[in-house]
Amino acid sequence: MSDELDQLTDAEPVKDPGLPAHQHRPTDVDPAQELRAERQITGMFTLASLLLIGFCVAYVAIDKDQTFLGWSAMNFTLGATLGGALLLMGVGIIQWAKKLMGDDEMVELRHPAASTAEDRAATLEDLNAGINESGFGRRPLIRRSLFLSMSFLALPTVIMLRDMGPLPYGHKNTVWKKGMRVVNDVAGTPIKPSDLQVGQLVNAEPAIMYEKDKDGEAVLHGTELLQEKSKAAVIVVRMKPEAITPAKGRENWGIDGILCYSKICTHVGCPISLWEQQTHHLLCPCHQSTFDLADNGKVVFGPAHRPLPQLPLALDSEGYLIAVSDFPEVVGPSYPELARDQKRLDDKS
Amino acid sequence: MSTVDEHTNIEDTAFGKKAAGPVGWLDDRLGLAGASKRSHLLRKVFPEHWSFMLGEIALWSFVVLLLTGTFLTFWFQPSMAETTYNGSYTPLNGLEMSHAYASTLDISFDVRGGLLIRQIHHWAAALFVAAMIVHMLRVMFTGAYRKPREINWLIGIGLMVLGLVEGFAGYSLPDDLLSGTGLRFVDGLLRSIPIVGSYLEYFIFGGEFPGDVIIPRLYMVHILLIPALLLALIGAHMILLVYHKHTQWGGPGRTEKNVVGYPMLPVYAAKAGGFFFVVFGFTALMGAVLQINPIWAYGPYNPSEVTAGSQPDWYMGFVEGAVRIMPNWESTFFNYTWSWNVFIPAAILPGLFLGVGAAWPFVEQWITGDKREHHLLERPRNAPFRTAFIVAAMTAYGVLWIGGGNDIIATKFHLSLNAITWFCRIGLFVLPVVTFMITKRICIGLQRADANRILHGYETGVIERSPDGGFTERHAPLPVGSQYSLTNHDRLPVLEAPPETDHNGVAAPHSRMAKLRAKAREIYYDGSVDKPTVEDVHHAEEHLRDHDGHPVELGDEFQGVSETGVPRVH
């Protein structure tokens, strides 16, 4: 291949005319221009110093609550003085390089990235001497047992990670259970069917999220509360009863057209909240999966696969909405053991 | 001017005399002078072109990130433990939230300059990834990854991946509603990983989502693990850059065997050093006037709340788009659930982008069979297949990006969300093919235009009237320097079918592979226009220098006329 290439180089249609003659800059030939550039650059550095002093003044003088043209005055002034000073310094240094520092182009020769054959031979010789002296090649027993112990070193490394978290136990249970009230997620007040008008959607939670124990402490709080919320949050909607087409076995899961669904998207778990009254569609704001709440939470568009799990509703003696049971389907995004967990839930019911 | 006459040696200056002792002390122990002399480090030559500055933006924004990030760690508390907010931002007073969110509010409202540094940090992060991507495109479009720079290309890919993860980890730390929503997506992504998904989820989150360890863990990743890896890789990237010496554009006097430019000391030290201040100053001004991630407006994370129009930072937009436009495939077999709807767009697709990028230099080398070192950059038009391929990949990325903003586009332009999603689903496969073909044609057209300018000269703007009344525009040869620049690239190889049999008449070994390679080479070079031959240029010179038909000679200084008819000269 290299012979071929040499021929090609000879066949260059235009010969290299070599580096063009050096062109002098105005600052190289005109002392007035040179002086001007010097003044400009000095001016930039001086102004930068003033701005940095301004930064310190602003830091102590400006009140945190003051605003300037809608911006926080503190943020704006600190940023403008610091940014302005840095920009002036940077531009000044670059101008210095461009206008006043020597601008004769230099030529440096390249060398192949590879080492020379001599260097390679010498290094190889050293390497061989080292290996031979170690007896690495001659003592397979030691070598192999070393490799064995090295590979076993992976075991503690992996096993040490075991306590990063508990073994997965699936997501088939939530805090919902028979008789638990469905409460409004703003104030925690229970919901009566008469509170809901046709077309209305209410964000709700299980009553336990607002319960307090006998010491007045919340039953669920902190991390535990967030974990349960990320599974148990629901939405309650009221549609015209005749618009709803319940699946077999779900005919009595609603009260006068009031249905309750999981709020957690079955795609990657965002809370779904965009409700289209006219079409009964519920849209997830994260990835736009769309569920038809009049048709058992069926997926009508988007990347979600499973329908929204529905929570069977009933009324308690005081006429408030309660759950009949936990969700009969797994809530939230899918996971490898989902099929197994769902089967267990089906077997239970 | 006249630096030579004023030349002073540093050892004769007052400063030099004072510093000689300590510097000698250091050199006695470190031998710096020898190392510097051997590598010519102080006067190392760097070639000049605006596009060589893109990687510098990435480097300096990383330094800005280190500085501002260190400042933020003085106050940020990476804890998910519950606290009640009681600070300057009154709308959230009395609310239960994590220490992470509360301390981020403190940085924004109670630490003077805290909001500024937070905003600089976030803007610099967005700039860091953007500069890396544009730098990578520059390297790819000009073939700068070719031998001997393949390893540095791979290091660059590693930097890119780490940069994306680093950005995402940082985005998750404040524990506001938006960052928690991002983590919820990560939880869904982990669960979608076949078979081991649940284990990864429980181990990484320390139990069920959201748990109380993910923020402390991500904090460690964000301020220690990934920055350390980034620093190490950036160091290796720079060392290789110095060892290989920077690539340069071809032109008069600039060859594969030299590098022409300015020395590191003083010119590049000043330009690059000054540029750090420019990048820092620019991000500081952005932090002053452009609000970014106003976490106080989102509220603390609550898994049952989300805001409409939730968007990740821009560099995650393509993954977001892929997840949005993916069909809802999910299957069950071997008693396991396989969430293709999440796993393919969020794990396989980004892996594919990076994998193709990492493999590209090696695939190209296999196709072209070119094992030589390359230090002259290739103009994108002279590698039409490569250029078209990159544009196709950019198109796919752009379609995914549109997908990632489908809700915003739908509401701002009153379009159907479903229509945009379907446009992206189809466009992801169709548009890259279209842009590939268009780009390739444009490249070939530009190659032809180059050949034309060599063979027919440039249009002078001088209109001549012939004795029979016709008007023609006079052409003149390009200056030799320009002619050389236009032809200073490899000639196309002669494509040959691989031999079916060896010299003994036996079927040649590896003939299937050889055929595949010959086919690939044919596709790679298809349509490319070769540069003119020596004879072509010779004929053209004779033709252009022929003054018989022209009454006036143009002269050596002539460079065409301006639009107002005034001749242009040097």
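What counts, and at which threshold
Residues numbered from 1 in each chain as written. Chains lettered and ligands numbered in written order. Predicted model: local features only at pLDDT ≥ 70, side-chain atom pairs only at ≥ 80, totals over all residues. Helix = DSSP H or I, 4+ residues; strand = E, 2+ residues; numbered from the N terminus. Buried ≥ 20, exposed ≤ 12 C-beta atoms within 10 Å, placed from the backbone. Contact = placed C-beta atoms within 7 Å. Core = buried A, V, L, I, M, F, W, Y, C linked by C-beta atoms within 7 Å. Domains from an automatic or database assignment. Pairing = 2+ DSSP bridges. Axes fitted to C-alpha atoms, helices over the stretch in contact; angles between N-to-C directions. Nonpolar A, V, L, I, M, F, W, Y, C, P; charged D, E, K, R; others polar. pLDDT = per-residue confidence, 0-100.

Brief notes about the overall build of chain B
When its secondary structure is counted, chain B shows 19 helices and 10 strands. Across its three principal axes, chain B shows a C-alpha extent of roughly 95 × 75 × 65 Å. Counting all 570 residues of chain B, 38% fall into the buried class. Nonlocal contacts in chain B, meaning residues at least 24 apart in sequence, comprise 71% of its contacts between residues at least 6 apart.

Some words on the overall build of chain A
On a plain count of helices and strands, chain A comes out with nine helices and 14 strands. Seen through its C-alpha atoms, chain A measures out along the principal axes to roughly 95 × 75 × 55 Å. Within chain A, the fraction of its 349 residues that count as buried is 33%. Of the contacts made within chain A by residues no fewer than 6 positions apart, 57% connect residues no fewer than 24 positions apart.

Some words on the nonpolar core
For soluble globular proteins, the rule of thumb is that nonpolar side chains tend to be buried together. Ranked by size, the top nonpolar core spans 167 residues in total, and within it Val182(A), Val234(A), Val236(A), Phe128(B) and Ala322(B) carry the most contacts. In contact with Phe128(B), other than residues within four places in its own chain, are Ala58(B), Ser61(B), Phe62(B), Leu65(B) and Gly163(B).

Some points on the domain arrangement of chain A
Examined at the domain level, chain A breaks down into domain 1 (24-100) and domain 2 (182-348). Computed from C-alpha atoms alone, the centre-to-centre distance between domain 1 of chain A and domain 2 of chain A is 59 Å.

Remarks on the domain arrangement of chain B
Domain boundaries in chain B define domain 1 (1-39), domain 2 (48-316) and domain 3 (451-569). On a C-alpha basis, the centroid separation for the pair domain 1 of chain B and domain 2 of chain B is 39 Å.

Here's the deal with the sheet that holds strand 8 (residues 274-276) of chain A
In a beta sheet, neighbouring strands are held together by backbone hydrogen bonds and run either parallel or antiparallel to one another. Residues and elements named next belong to chain A. Spatial ordering of the open sheet is given by 8-9-10-11, a layout of four strands whose pairing is antiparallel. Every other strand in the sheet has two partners, leaving strand 8 and strand 11 (298-301) as the edge strands with one partner each. The sheet shows a mean angle of 30° between the axes of neighbouring strands, taken without regard to direction. In this structure, strand 9 (residues 281-283) lies alongside strand 10 (residues 290-292), joined through three bridges in antiparallel fashion. From the neighbouring strand, His281 faces strand 10, where its bridge partner is Asp292.

With respect to the pairing of strand 7 (residues 258-262) of chain A
Residue and element names in this part refer to chain A. Burial of strand 7 is extensive: five of the five residues sit out of reach of the surface. As defined by bridge partners, strand 6 (residues 234-238) adjoins strand 7 across five bridges and the pair is classed as antiparallel. When the sheet's bridge partners are listed, Val234 is paired in strand 7 with Ser262. Pairing between strand 7 and strand 12 (residues 310-311): two bridges, direction antiparallel. Residue pairing for strand 12: Tyr261 is matched across the bridge by Gln310.

Regarding the interface of chain B and chain A
Contact with chain B, which involves 102 residues of that partner, is made by 86 residues of chain A. The biggest single contributor to the side of chain B that touches chain A is helix 10 (residues 264-289) of chain B, with 17 residues. When its residues are assigned to classes, the side of chain B that touches chain A shows 46 nonpolar, 37 polar and 19 charged. Where strand 3 (residues 106-109) of chain A and strand 4 (residues 258-263) of chain B come together, four bridges link them in antiparallel fashion.

Overview of the sheet that holds strand 3 of chain A
The antiparallel open sheet is built from three strands, whose spatial order is 3(A)-4(B)-1(B). Edge positions in the sheet fall to strand 3 of chain A together with strand 1 (45-46) of chain B, since each of these pairs with one other strand and no more. Across the sheet, helix 10 of chain B touches strand 1 and strand 4 of chain B, and the angle it forms with strand 4 of chain B is around 75°.

A look at the pairing of strand 6 of chain A
Residues and elements named next belong to chain A. Burial within strand 6 is extensive, with five of its five residues counted as buried. Both faces of strand 6 are covered, namely the face carrying Val234, Val236 and Arg238 and the face carrying Ile235 and Val237. In this sheet, strand 6 lies alongside strand 5 (residues 201-206) in antiparallel orientation, the contact comprising four bridges. Counterpart to Ala204 in the pairing with strand 6 is Val234.

Overview of helix 2 (residues 32-39) of chain B
Counting buried residues along helix 2 of chain B, only zero of its eight residues qualify, which leaves the element largely exposed. Positive backbone phi, approximately 50°, marks His40(B), located one or two places after helix 2 of chain B.

Digging into unusual backbone geometry
For residues that are not glycine, phi is negative in most cases, and the peptide bond is trans in most cases. All names here are of chain B. For the bond running from Lys147 to Pro148, omega is 5°, close enough to zero to count as cis. Within the element layout of this structure, Pro148 appears in the loop between helix 5 (114-141) and helix 6 (150-172). Here the residue pair Leu265 and Pro266 is connected by a cis peptide bond, since its omega of 5° sits within 30 degrees of zero. Relative to the elements of secondary structure, Pro266 occurs in helix 10. With phi around 65°, Ile195 is a residue other than glycine that occupies positive phi space. Locating Ile195 in the fold gives a position in the loop between helix 7 (177-192) and helix 8 (197-204). In this structure, Lys245 is a non-glycine residue whose phi angle is positive, near 65°. Positionally, Lys245 belongs in the loop between helix 9 (214-244) and strand 4. Lys245 gets classed as buried once you count the C-beta atoms within 10 Å, which come to 20.

Considerations on the environment of Tyr268(B)
All names here are of chain B. By the element assignment, Tyr268 lies in helix 10. On the neighbour-count criterion, Tyr268 (20 C-beta atoms within 10 Å) is buried. Here the alpha-carbon distance between Tyr268 and Glu48, two residues 220 residues apart in the chain, equals 9.5 Å. Apart from the residues lying within four places of it in its own chain, the contact partners of Tyr268 are Phe46, Tyr262 and Pro263.

Focus on the confidence of the model for chain A
Residues and elements named next belong to chain A. Taken as a whole, chain A shows an average pLDDT of 91; of its residues, 97% reach a score of 70 or greater. Mean pLDDT across the elements of chain A bottoms out in helix 1 (residues 2-10) (49) and peaks in helix 3 (residues 31-61) (97). Under a pLDDT of 50 for its full length, residues 1-6 has, in the predicted model, zero contacts with residues more than four places off or in other chains.

Description of the environment of Ala236(B)
Residues and elements named next belong to chain B. Within the fold, Ala236 resides in helix 9. A tally of 15 C-beta atoms within 10 Å means that Ala236 is categorised as partly exposed. A sequence separation of 53 residues divides Ala236 from Leu183, and the C-alpha atoms of the two residues are 32 Å apart.

Comments concerning the packing of helix 7 of chain B against helix 8 of chain B
Residues and elements named next belong to chain B. Between helix 7 and helix 8, whose axes approach to 6 Å, the crossing angle comes to 140°. Between helix 7, through Asp187, Leu190, Arg191 and Ser192, and helix 8, the contact on the second element is made entirely by Gly197, Ser198, Leu200, Glu201 and Ile204. A breakdown of the residues in the contact of helix 7 with helix 8 according to their chemical character gives three nonpolar, three polar and three charged.

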